[in-house]
There are 2 protein chains.
Amino acid sequence: MNQNRLLARYRIETAYSLDHAAGVIAGEQSTGTFISVPGETASLKERFGAMVVSITETGEVMSPSLPGGEVPNNHDGVYKQGEIVLSFPIENFGPSIPNLLSAVAGNLSELQELSGLRLLDIEIPQEFSKAYKGPKFGIEGTRKLTGVYGRPIIGTIVKPSIGLPLDQLEKLVTELGLAGLDFIKDDELNSNPAFAPLEKRVEVVMRAINHVADKTGKKVMYAFNITGDIEELKRNHDIVVKAGGNCVMVSINSVGYTGLTYLNKFSEVPIHGHRNQWGMLTRCPMLGMEFTVYQKLCRLAGADHMHVNGLNGKFYESNESVVRSIKACLEPILDGYSSMPVVSSGQWAGTATDTFKAAETVDVMHLAGGGILAHPDGAAAGFESMRLAWEAAVQGNSLDNYANKHDVLKKAIDKFSK
Amino acid sequence: MNQNRLLARYRIETAYSLDHAAGVIAGEQSTGTFISVPGETASLKERFGAMVVSITETGEVMSPSLPGGEVPNNHDGVYKQGEIVLSFPIENFGPSIPNLLSAVAGNLSELQELSGLRLLDIEIPQEFSKAYKGPKFGIEGTRKLTGVYGRPIIGTIVKPSIGLPLDQLEKLVTELGLAGLDFIKDDELNSNPAFAPLEKRVEVVMRAINHVADKTGKKVMYAFNITGDIEELKRNHDIVVKAGGNCVMVSINSVGYTGLTYLNKFSEVPIHGHRNQWGMLTRCPMLGMEFTVYQKLCRLAGADHMHVNGLNGKFYESNESVVRSIKACLEPILDGYSSMPVVSSGQWAGTATDTFKAAETVDVMHLAGGGILAHPDGAAAGFESMRLAWEAAVQGNSLDNYANKHDVLKKAIDKFSK
């Protein structure tokens, strides 16, 4: 790895040759304008210019994936697809996520020579470790705070997502705490609404959590959604910490990488990173970026927990893609930046088996909303069914076998399996 | 306009009926989970739930625009496209851009019932004016600072984009200032790189600008790129203002809406909003969002100037779309939030004619990099050719006619027209 240059890998599609397109991309993102200008010397280009490292053709299509692409005069109707690797001088942007993004993404997706461009991966330069300290808790810190080892941290989301009156919230959190849950989070829709302002929510939730802790000795981790503008992040974080809270959550795309970085400068509890709005940046295969890139930036910025969707969930993503995301989060960046993947969406006991089989890890948070709350025998049974499902998976037992011995598991299967 | 609910309009595509899909969207973004849970009462749904206001079918396609969509068992192979309007209770998110985004965008693009979803427009609730004061300068303030009235503010971008040594930068800015330019900006790639740290750049640029002002009486507006993390925004802004600078620029998608909002709390000069990375959010017609939505949020957050690409530019966008963007920026939000559209990318004198004809306004910044710097007779001639082109356009003269009387215009046409 060249210490002075950053590597970025892209999927591209073009009506031109891949060589030509790669050259346009490199020029746009470094020294170029649409016409040569005075001062753009060869030595300047060499030092500050992006360079094309490799070009691999992967296929051809007969119609463009994205609109507005230009075609050459003699176009044969074929659009070439390929992967290219560019290298950028790190000194152009320094250890700065905001300026890294202007360099490696910038205007590229708008170039008319392209009918597709997607950022597949970037190699984080060592220099970034000076500017970004990353998660303060990560997997180890989260296990320590929850006291859960050898299995996933099992939790739920307060449902209904929004609108639950404070007295019912207190009751629900008490019930969930007594049910043995490791973790509870606010829904991403529920941050600081008038009917349940954060201050009040913290008050009733912490009362419930402390009440439960007095009885059981276990302090549930609760991720309070503190998403808001910059000053609110500080104010809201402090409200949570002052009340003895042990986790805060932000919608990363709402606060931006800069908001996350800012929060991480003073945060005293793990930061639960929710990725809503991420679909806009990734669902079109010829645009946006891969989760690999996104989670690297989020972890640099300080996300102790990273949402990755769930297997067999309610979203469009394939199981294979979810598993790749889990594994990406568990891959160290510059030997560190530990972050716990959060498996969520349409989850219940039955999805534990597939998750363990495919991801081969218990270092995840496994969240079920309906899958715990809507268990026929209540939340305690819902939680127990999840715990048992993981126990079975780790032991190599089949879910059905295990269900024969455990009624709560059987009832979960009856209720939730399609 | 109902004061309690926000309207959001979407383009959607689904293998299900549009009715079914609209219902799923409304449920996901308010009270729902994948299965009914205790507490999700009818009265709670009525108060906090999103509501489907209207559904309009617009067409059908035989293959899905985005991957991963689910199809019903009896699917006939047809994907329905349509526009839907939803209303959201404002009390769910309050006057908060970050939480508004979690509500109106959230997880929607990931729903498997959809093979396409794009946010087309939102109606900004009056309540937001309490939390977001918007641009402090806008069109009027920018005209006052530059002293330019009755025509666009004509400017350029420092090129080469990156790598220009400080002594050459000083020389270039002096030359451009003496050439009569109204406005100069850093490239979005050039924020705080090691070879030209912002402090040094401000020093040499302001020396040049003051030198020119002493000679000509005109103080060029220079947008220093201060893009960076949150603390850097404050630090960098203060460096610029302390040195007598009169504009700062940020890459909005790099600093986030929250970063822009934060900067706008203390900024003492206009904020020049660059939209690089925007292509990732908009180029796929069935994903992301329209510029209409984006510029509303950016203006709420405080962008005095908003980049909109340029007609006949080097990017994929159609002229019609660029013109719509210009007009969107000039449309008041809640009777205010004035922001000056910045027409840029592949611009030169010749693009002025089309811009004026289509957008019917002179209230734009018109930026040309090569179109000014690479004029055969130098930057002064480049600037003059732009000014003359607008003069001709406003007077209803053709560019060629005008070029017969003005040599700099003729030379611009010879050099830049394709």
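An account of the accompanying structure is given in this report. As the structure is a prediction and not an experimental result, all values here were calculated from the model.

With that settled, consider the interface of chain A and chain B. Between chain A and chain B, the residue contacts involve 89 residues of the former and 90 residues of the latter. Linking chain A with chain B are two salt bridges, by the criterion used here. The salt bridge involving A:Arg275 is made with B:Glu110; its shortest N-O contact spans 3.6 Å. Inspection of the chain A/chain B interface yields 33 residue pairs in polar contact (both at pLDDT 80 or more).

Residues and elements named next belong to chain A. Spatial ordering of the open sheet is given by β2-β3-β1-β4, a layout of four strands whose pairing is antiparallel. The strands lining the two open edges of the sheet, one partner per strand, are β2 (51-61) and β4 (114-122). This sheet shows a mean twist of 20° between the axes of neighbouring strands, independent of strand direction.

Now for helix α11 (residues 291-301) of chain A. Of all 11 residues in α11(A), 10 are buried; the element is thus mostly enclosed. All buried positions along α11(A) are accounted for by A:Phe291, A:Val293, A:Tyr294, A:Gln295, A:Lys296, A:Leu297, A:Cys298, A:Arg299, A:Leu300 and A:Ala301.

Copy one and copy two of the chain differ by a rotation about an axis and a translation along that axis. For the pair chain A and chain B, the superposition axis carries a translation of 0.0 Å, the fit reaches an RMSD of 0.0 Å, and the rotation angle comes to 180°. Considering both components of the superposition, the chain copies are consistent with a two-fold axis. Judged by C-alpha distance, A:Gly256 is the residue of chain A that lies nearest the rotation axis, at 2.4 Å.

All names here are of chain A. Along the chain, Gly 155 falls in strand β5 (residues 153-157). The class of Gly 155 is buried, set by a relative accessible area of 0%. Between the C-alpha atoms of Gly 155 and Phe 183, which are 28 residues apart in sequence, the distance is 4.3 Å. Here Gly 155 is in contact with Leu 181, Phe 183, His 366, Leu 367, Ala 368 and Ile 372, once residues within four sequence places are set aside.

Residues three or four positions apart in an α-helix share a direction because the helix packs 3.6 residues into each turn. With 19 residues, helix α7 (residues 198-216) of chain A should reach 27 Å at 1.5 Å per residue; the first-to-last C-alpha distance of 26 Å fits that figure. Where α7(A) is buried, its residues touch α6 (166-178), β7 (221-225) and α8 (230-242) of chain A.

With that out of the way, let us pick up the environment of A:Asp121. Residues and elements named next belong to chain A. Note that Asp 121 resides in strand β4. Expressed as a C-alpha distance, the spacing of Asp 121 and Gly 369, which sit 248 residues apart in the sequence, is 32 Å. Excluding anything up to four places from it in sequence, Asp 121 contacts Leu 7, Ala 8, Arg 9, Thr 292, Val 293 and Lys 296. Separated by 2.8 Å, the side chains of Asp 121 and Lys 296 make a polar contact.

Before going further, it helps to spend a moment on the packing of α8(A) against helix α9 (residues 252-266) of chain A. Residues and elements named next belong to chain A. It is the contact of α8 with α9, at a shortest axis distance of 10 Å, that shows an interaxial angle of 35°. Like other packed secondary-structure pairs, α8 and α9 cross with a definite hand, here right-handed. Residues Ile 230, Leu 233, Lys 234 and His 237 of α8 form the contact with α9, whose participating residues are Val 255, Gly 259, Tyr 262, Leu 263 and Phe 266.

Attention now goes to the pattern of salt bridges. All names here are of chain A. Scanning the entire structure with this criterion turns up 44 salt bridges over all chains. Arg 207 is the partner of Glu 203 in a salt bridge, and the nearest nitrogen-oxygen pair spans 3.8 Å. In this pair, Glu 203 and Arg 207 are both assigned in helix α7, four residues apart and thus about one turn of the helix distant.

Rolled over the atoms, a probe as big as a water molecule pinpoints where empty space is left. Scanning all chains against the criterion turns up seven cavities of 30 Å³ or more. What the largest cavity holds in volume is close to 400 Å³. Forming the boundary of the largest cavity are 20 residues, of which A:Asn253, A:Tyr257, A:Leu281, B:Asn253 and B:Leu281 lie nearest the centre. Elements represented by at least two residues in the lining of the largest cavity include exactly α9 and α10 (278-282) of chain A together with α9 (252-266) and α10 (278-282) of chain B. Considered class by class, the residues forming the lining of the largest cavity number 12 nonpolar, eight polar and no charged.

On to the packing of aromatic side chains, then. Summed over all chains, the structure comprises 20 aromatic pairs over all chains. Arranged with centres 6.0 Å apart and planes meeting at 20°, the rings of B:Phe128 and B:Tyr132 form a pair that is stacked. Residue class for B:Phe128 comes out buried when judged on its relative accessible area of 0%. Of the aromatic side chains, those joined through ring pairs into one cluster are A:Tyr257, A:Trp278, A:Phe291 and A:Tyr294. One residue, A:Lys234, lies across the ring of A:Phe266, its end atom 4.7 Å from the ring centre.

Calculation notes
Residues numbered from 1 in each chain as written. Chains lettered and ligands numbered in written order. Predicted model: local features only at pLDDT ≥ 70, side-chain atom pairs only at ≥ 80, totals over all residues. Heavy atoms only, no water. Contact = heavy atoms within 4.5 Å. Salt bridge = Lys/Arg side-chain N within 4 Å of Asp/Glu carboxyl O. Polar contact = N/O pair within 3.5 Å; in protein donor to acceptor, adjacent residues only side chain to side chain. Pairing = 2+ DSSP bridges. Helix = DSSP H or I, 4+ residues; strand = E, 2+ residues; numbered from the N terminus. Axes fitted to C-alpha atoms, helices over the stretch in contact; angles between N-to-C directions. Buried < 20%, exposed > 50% of the residue type's maximum accessible area, 1.4 Å probe, protein only. Least-squares fit on C-alpha atoms with pLDDT ≥ 70 in both. Expected span 1.5 Å × (residues − 1). Left-handed = near helix turned anticlockwise from the far one by under 90°. 1 Å grid on protein atoms, 1.4 Å probe; cavity = no way out; pocket = protein on both sides within 12 Å on 5 of 7 lines; lining within 4 Å. Points joined across faces, edges and corners; volume = space filled by probe spheres on them. Nonpolar A, V, L, I, M, F, W, Y, C, P; charged D, E, K, R; others polar. Phe/Tyr/Trp six-rings, centres within 6.5 Å; stacked < 30°, edge-to-face > 60°. Lys NZ or Arg CZ within 6 Å of the ring centre and 35° of its normal.

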